[in-house]
Amino acid sequence: MGADQLTTFGQQELINSGTKFYQRYKSLAQGTTPFVRASGQDRVVESAQNWTQGFHNARLQDTSSTVNESLPFNIVQISEDQGQNNTLNHDLCTNFEEGPINEIGDDAEAKWQAVFAPPITARLNENLPGVNFTDDDTVSLMDMCPFNTVANNNGNLHPFCGLFTATEWQQYDYLATVGKFYSYSIGNPLGPTQGVGFTNELIARMTKSAVVDRTTTNATLDGNNATFPLDAVLYADFSHDNDMMTIFSAMGLFNSTAPLSNTTLQTVQETNGFAVNRIVPFSSRAYFEKMTCTGAAEEMVRVVINDRVMPLDTCGGDALGRCTLSAWVNSLSFARAGGLWDSCFTPATGNSTLQLL
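Keep in mind the model is a prediction, meaning the values are calculated, not measured. (Residues numbered from 1 in each chain as written. Predicted model: local features only at pLDDT ≥ 70, side-chain atom pairs only at ≥ 80, totals over all residues. Heavy atoms only, no water.)

Enquirer: Could you clarify how one ought to interpret the overall build of the protein chain in this entry?
Expert: Each helix and strand in the protein chain was counted, giving 13 helices and seven strands. Its C-alpha atoms give the protein chain a radius of gyration of 21 Å, near enough to 21 Å, the size a compact globule of 357 residues would have. For the protein chain, contacts bridging at least 24 residues in sequence account for 69% of all contacts bridging at least 6. For the protein chain, the accessible area works out to roughly 17100 Å², and carbon and sulfur atoms hold 49% of it. Of the charged side chains in the protein chain, 19 are positive and 37 negative; the average position of the first set lies 11 Å away from that of the second. (Helix = DSSP H or I, 4+ residues; strand = E, 2+ residues; numbered from the N terminus. Rg over C-alpha atoms; globule rule 2.2 N^0.38 Å. Contact = heavy atoms within 4.5 Å. Areas by Shrake-Rupley, 256 points an atom, 1.4 Å probe, with all protein chains shown as cover. Lys, Arg positive; Asp, Glu negative; His and termini not counted. Charge placed at Lys NZ, Arg CZ, Asp CG, Glu CD.)

Following this line, the structure appears as structure tokens:
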């Protein structure tokens, strides 16, 4: 199957995503081409290219469009080489990438795996004498279901997936949720800090002002209007699922979620909407919208993740999920202050004793 490659099904998902974006923002997209950035890994750049293809094809079919730009669109690629500042790829925070803090997510997953996997492993070993699967093998075997499914050009559920029950798949899904929460979200002391740089770039775009950040932003790129314009109507950035999780967390979107249990399966209601299948499935999308509303004295902001309007509790969001622009910016004090960036490079103490419930 290869590794770190975009599948044919994944390519089509990104084309569809570009088409959907054009249709959603048609009144804006008819007259402009989005400014596009991508983190430098091949599959991320390819995702951006496929997305622009979908956007372009949708615009060609729109007889009202006033833009005649052809492919390929210009894509600013940000290097993922070691030591490079990149708000679309976490890598610079030493204490996050190494040591006890890095192990928090793995430890949480291991505890939940030890709860749900043994009965499955026992059943597999009973039906496959001599194989002697471990719990790690069981999870790896379950991993083959989604990956074989998307390796199919049509994305049809692979028959192999039927080896496991619906309940077991819910338990497996929760394993990924626990892992993301304690590795890249508020369950990790430095998880949200990895998303601070992009959040500050978003503030700059929304307010049309220079980027103020001392974390992962690339000052050379962000200081040049050609590589970081502040006057674009539409922007499209392409990153990794882990980085999206850190960005959402830096924005405080999951502040109402209590520490996840790693001994009991929790429902999405119990986690206040924190679930990997909702937040970062394959080809996940987040829209950060700035709008002018009739009767409103100020521009407003809304966040939509995979077609779900997020409740912006931290800035007093209304029933439609909107905050005023100033309230939204003020609510991002964690990011504007640099998060816990200084803790990335000081000796870590006490993190290995973090208690998971």
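Let's pick the thread back up.
Enquirer: Explanation requested: the state of the cysteines in the structure shown.
Expert: Simply put, the disulfide is a covalent bond whose two ends are the sulfur atoms of two cysteines. All told, the structure shown has three disulfides when counted by the stated rule. Paired by a disulfide, Cys145 and Cys161 hold their sulfur atoms 2.0 Å apart. Torsion about the S-S bond of the Cys145 and Cys161 cystine: about 100°, corresponding to right-handed handedness. In this pair, Cys145 is assigned in helix H6 (residues 135-151) and Cys161 in the loop between H6 and helix H7 (166-184), connecting sequence segments 16 residues apart. When sorted by exposure, Cys145 lands in the same class as Cys161, which is buried. The disulfide that involves Cys315 links it to Cys323, with 1.9 Å between the sulfurs. Judged by the sign of its S-S torsion, about 95°, the bond between Cys315 and Cys323 is right-handed. For the pair shown, Cys315 and Cys323 are each scored as buried. (Disulfide = S-S within 2.5 Å. Buried < 20%, exposed > 50% of the residue type's maximum accessible area, 1.4 Å probe, protein only.)

Enquirer: What am I meant to see in the environment of Gly273 here?
Expert: Checked against the element boundaries, Gly273 lands in the loop between helix H10 (241-250) and helix H11 (276-279). You can call Gly273 partly exposed: its relative accessible area is 22%. Taking the C-alpha atoms as reference, Gly273 lies 36 Å from Gly31; in sequence the two are 242 residues apart. The contact partners of Gly273, leaving out residues within four places of it in the chain, are Val268, Arg278 and Ile279.

Enquirer: Got a minute to help me understand the confidence of the model for the protein chain in this structure?
Expert: Interpretation of the predicted coordinates at a detailed level should be avoided for regions scoring low in pLDDT. Averaged over every residue, the pLDDT of the protein chain is 94; the share at 70 or more is 97%. For the stretch residues 349-357, pLDDT sits under 50, and the model shows 14 contacts to residues farther than four places along the chain or on other chains. (pLDDT = per-residue confidence, 0-100.)

Enquirer: What exactly am I supposed to notice about the layout of surface pockets here?
Expert: Think of a ball as big as a water molecule: rolled over the atoms, this probe shows where empty space is left. Size it by volume and the second largest pocket reaches roughly 240 Å³. Lining the second largest pocket are 16 residues, with Leu253, Asn272, Gly273, Met310 and Pro311 positioned closest to its centre. Class assignment of the residues belonging to the lining of the second largest pocket gives a composition of seven nonpolar, six polar and three charged. (1 Å grid on protein atoms, 1.4 Å probe; cavity = no way out; pocket = protein on both sides within 12 Å on 5 of 7 lines; lining within 4 Å. Points joined across faces, edges and corners; volume = space filled by probe spheres on them. Nonpolar A, V, L, I, M, F, W, Y, C, P; charged D, E, K, R; others polar.)

Enquirer: What is the right way to look at the pairing of strand S2 (residues 75-78) in this model?
Expert: Within a regular strand, side chains alternate between the sheet's two faces. Looking at chain direction, strand S1 (residues 35-39) and S2 are connected through four bridges and run parallel. Its bridge partner lying in S2, Ser39 is registered against Ile78. The β-α-β motif built from S1, the intervening helix H3 (residues 42-60) and the parallel element S2 has right-handed crossover chirality. (Pairing = 2+ DSSP bridges. Right-handed = clockwise from strand over helix to strand, strands pointing away.)

Enquirer: Quick question: what am I supposed to make of the pattern of salt bridges here?
Expert: For side chains bearing opposite charge, pairing can occur when the charged atoms are close. The full count for this structure, using the stated rule, is 14 salt bridges. Residue Arg37 pairs with Glu201 through a salt bridge whose shortest N-O separation is 2.8 Å. Here the residue Arg37 occupies a position in strand S1, and Glu201 occupies one in helix H8 (residues 196-207), the gap between them amounting to 164 residues. The pair formed by Arg37 and Glu201 is uniform in burial state, with each residue classed as buried. Between Asp342 and Arg214 there is a salt bridge; the shortest N-O distance is 3.0 Å. With Asp342 in the segment after helix H13 (333-336) and Arg214 in the loop between H8 and helix H9 (219-222), the pair connects residues that are 128 residues apart, well separated along the chain. Judged by its relative accessible area of 45%, Arg214 is partly exposed. (Salt bridge = Lys/Arg side-chain N within 4 Å of Asp/Glu carboxyl O.)

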